[in-house]
Structure formats: structure tokens, C-alpha cells
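Secondary and tertiary structure notes
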Amino acid sequence: FTCLNDMDGDGVCDEYEIDGCNDIEAFNYNPLATDDDGSCWYPVFGCLDPLAGNYNPYAELDDESCIYSPWEFSSTDCNMTILIPSDINIHIDNEALSYGDWIGAFYEDEFGNLVCGGAVMWKEQTTSIALWGSELNQNNGFLENQDIFWKVTHNEEERILLPTYNFGLNSYSCNGLGGLNDLVIFSQSIFLSPGWSIFSTYINPIENNLEKLFEATDEVVIVKNEMGDVFWPSLGINQIGPLSFDEGYIIKMDYYGNGFNLFLEGELIPIDTELTFQEGWSIISYLNNQPSFVEETFSQIENEIIIIKDEDGLIWWPYFGVNSMEMMCPGKGYQIKMSEESIFSYQSNVESRWFDSEETNFFSYFQFAHNTGHNMTLGIPIYSWVDYSPQIGDELAVFDQSGLLVGSQIFEGDNMAITIWGNDDQTTEKDGMYNAESFHLKLWSNSLNKEFDLYIESFVEGNQIYISNGISIVSNITTLCPIIKSNKLIYHLDILGRVINPINNRNIGFDIY
């Protein structure tokens, strides 16, 4: 049909025209509209809730995209504002927070629980966070001067971070202001294997209570520090107090357990922190978060070091020229004996190279001795061999009076140091040397495939008696059994003390040689 009235010439009769938005991209697009009336609307979509982390004040329509804090908190009648600048140093173990992570401020309630008092989404730009104060008798926020605890969510994990400030204090003040400079945390995982070991940390941990640190495991038998104080869970004893970064600890875990991963988080201790090594024995910490060579690490105080031992009895004995330890590793503690008190700090410029330990010698005849938690060291200089020249690959072993193997070492062509393990008083069976018990040595010749008894004729230092943390150095050692000279009879006395003829008298008497 033909329209009589079609003012715009679009083929639609004027009486059938429908005004509206005919842009399919517009929010109010009308597919029935024949005449565009200029009403097309292109709104900004976004989150319209001011309490959401991604609230968009320019949004005109809610797109149900609001993202809320992972922690609940209340808006109250007063708050404190903390500035979080875009260039803040905020990271977890040197990994920066990501866009969309959350930052929360927490207070401690009357039961010791951390409760959120404000949160903000991290958008990698300058922002601020409101910390809400408690209303009168409501306990629904921070109290005046209450400490602030900071948490973040990152990679679906919740972590506590430690703050520093450009201005203000880390305590709540109604209508107060503060500005963060850092929010950081460092962590360290230390695996404590079954049996005896020595551990230390380069972290000043937020949680340093031994009971809480080990509450997730029942495998801890005992922990000891250098003073002999103990943490003994089964007896409810804690003489050590809080865990500290400036000392090492000897620990025994259940031999039949699976071990325990001790997780610590807190402040990273500067590697060059000064430590005091007392004269005599100490258990020291290792503050480097990378392995390092023991000789390079302690080169500045080498002349004051008598010996260093690790948990396996491996040693660095500078004067004796023996280094079976080679490397120091993060998480480990070390026993050190000093000739005098020394102030020491680890150096960050000591090159930490990967150490490839290629053992060329393995026990073929004797076995490794059992680690019992404490030991002494026996040194055998290369010059001390009297009648036998040991060959590389020969094996030496130390035995107690009952024939129990308590130490072993393979000869590698130079001075030798053998770790002799003492008895573990936490076990019912004898598994090492008693204090003041004498020991003896055997040698297995690799080339002859023959076992020899060894006899120590003299010592440069010490003796053939076991003492925990003792040091003995052999002067002369031989495979020849010493000749025992027969004693000369001087008198034979009867019970009244009279000299008699032992051959002709059948009465009970006493011989004096």
C-alpha cells in the first residue's frame, strides 16, 4: 500500500511511526522503534555499594559485580584513617600483593581473638582504610590506644603482616591519622626429622611460644638450649621460654614418627646482626637464608675457633685441618667451641655457592654410628701412625666396652676426625658411650680385607675416656698389642701380715708385687 503521510520518507506511514532508541548497542534499545528520538542511553555499569571493595562512584547501573571483604566488620560512630600509598613496600616473602588482594586491620578481643575493624581492597594505587572504633559498651571495634594487627589475603591465603609508618603510630585513635610505609612478612620452614637434630632460625617470629609452635605435633620428645634448659612437653616443662633467633636448639623427635615442619613467620633478622660467641661451648644460630661454606663464613674469627660441629657430627676443626662439614645451611644450628669470647656477624658478601657433595667413599665393612644427640671428637693426625700406613678407603670404627659401634670414619688420606656418640638418656637401651667409659678402636684394611685392633699408646690432648663434647688428639696409634710385662713378686704374707714361703704354705695369704 502507499502511505499518504510519510514525512521522513522511511516507508513507514506517519500514523504507524514509533519513537524510541533504535541503537542495538544502547541499554534502552527498542527493536520496535522506527524513529530514533535521541533517547539512547549508554550507562556506566559497576558496583554501586560503597562498602564493596570495587565500588564505582561513577557507575549508573549495578552489574552485580560487587566484591566484599573476606572479613566482617562494623561501621561505627568514629574511625581512624590510615593512608596506604601506591609506592608502599607491601609483600610476603618478597612477593608483592596483587590487584584484588585485601588488606585488613584487626584488634584483639577479650578472648585473645583477632577481629576485623576495617578492610580495603588493594588496587595498586594510593588508597586509605578506615579503622572503626568501638561504640560505648558495644565491643564492636577498636578501643582507644589499642594495638593494630594487619592481615592480607593473597593467593587464597590469609597472612599477618608487620607494619612500619611514615607518620602516626600502630595504635588506634578516634579521628586519628596514620600513614603506612611497609607491610611485610617473612617466613621460614624448618623440617625436624625423626631423632636428634639441631635447628635455628633467621626469623624473629611473631609466635615464639614453644607450646604453641609445637601444638600441632605430639612427636617432640625434648628440646634443649646451650644452658641445659629444656622444653619437655610430656612433663609440661618449659625452662627455655620463647624461641629466639640468636641461639640454636638441640631437639629430639620421636624416632618412629614422620618428623614435623616447623613454620615460622615474622621479621627477617638482618644477616649482619652482631652475635656474641662465649668462650667454651655454645649452640649458635645461622642467620643467612642461603647456604655458605663454613671456612669462608668464619674466616674472620678462625683463630678463635677450636671446633664447630653439626647435628650429624660433621666438623670443621681449623687447627687440625679437618673439614667434613663443608657447608652451613639455613634452619640448622651448630655447636661451636671458642678459645675466647668473640663478637661475630655473618656477612652478606660471602659468596653462597651451590655445593655439590659427591661422596666417593662409602662404608663397606663397618656402619654409620647412630646419632644420639651428643658426642665427642677423636682426632688422629696422619703422623700418629706407628707401624701401619692407612690407605684411602680404609675404615676406622670406635666401640664401647660391650662392643657397640659408637663412631666410624673412612680414611681419605689426611688427618682424621671421628665423632664418638654418647648414650641417649631418653631411651631405655644403651645406644652410645656413658660418660667416663673407655672406648677402643678397630681398623678394616680395604686392600687386605682384614680387621685389626688398634691401640693408642699416647695422646697429645685428652685420653681414651668418653666425655660429652670432649676432644682427644692421638699422638701414637698402632696395630701392635702392647707387651704387658710380668710383675715381680716381692712378698707373700699370711693374714696376720707375716712373710711366709708361698710354695710350702697352703694357708690363705696375700701377694705383694
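Now for a look at the structure at hand. (Residues numbered from 1 in each chain as written. Predicted model: local features only at pLDDT ≥ 70, side-chain atom pairs only at ≥ 80, totals over all residues. Heavy atoms only, no water.)

1. What about the state of the cysteines?
Two cysteines joined by a covalent bond between their sulfur atoms form a disulfide. Selection criterion: Working definition: a disulfide is two cysteine sulfur atoms within 2.5 Å of each other. Strands here mean DSSP runs of E at least two residues long; helices mean DSSP runs of H or I at least four residues long; both are numbered from the N terminus.
Counted by the stated rule, this structure contains three disulfides. Across the disulfide from C47 sits C66; the S-S distance is 1.9 Å. Judged by the torsion about the S-S bond (105°), the C47/C66 disulfide is right-handed. One end of the pair, C47, is in the loop between β3 (45-46) and β4 (61-62); the other, C66, is in the loop between β4 and β5 (79-84), with 19 residues separating them in the sequence. C78 supplies the cysteine sulfur nearest to C116, a cysteine that is in no disulfide, at a spacing of 17 Å.

2. Concerning the environment of L32
The condition that has to hold: The buried label goes to any residue with under 20% of its type's maximum accessible area, the exposed label to any with over 50%, and the partly exposed label to all in between, with areas taken from a 1.4 Å probe on protein chains only.
Structurally, the position occupied by L32 is in the loop between β1 (19-20) and β2 (35-36). Since its relative accessible area comes to 61%, L32 is described here as exposed. In sequence terms L32 and M338 are 306 residues apart; their C-alpha atoms lie 95 Å from each other.

3. A few points about the pattern of salt bridges
Operational definition: Basic side-chain nitrogens of Lys or Arg form a salt bridge, by our definition, when they fall within 4 Å of a carboxyl oxygen of Asp or Glu.
Overall, the coordinates contain eight salt bridges when judged by the stated rule. In this structure, the salt-bridge partner of E158 is K151, at a minimum N-O distance of 2.8 Å. Residue classification places E158 among the partly exposed residues on the basis of a relative accessible area of 43%. We note a salt bridge from K430 to E437, for which the minimum N-O separation is 3.2 Å.

4. Description of the sheet that holds strand β16 (residues 220-224)
The test is simple: Paired strands, in this sense, are two strands between which DSSP finds at least two bridges.
Judged by pairing direction, the sheet is antiparallel, and its five strands sit side by side in the order β14-β19-β16-β17-β18 without closing on themselves. The open sheet terminates on both sides in strands that have one partner only, identified here as β14 (195-199) and β18 (237-238). The sheet contact formed by β16 and strand β19 (residues 249-253) spans four bridges and is antiparallel. Residue pairing in the sheet places K224 in a bridge with I250 of β19.

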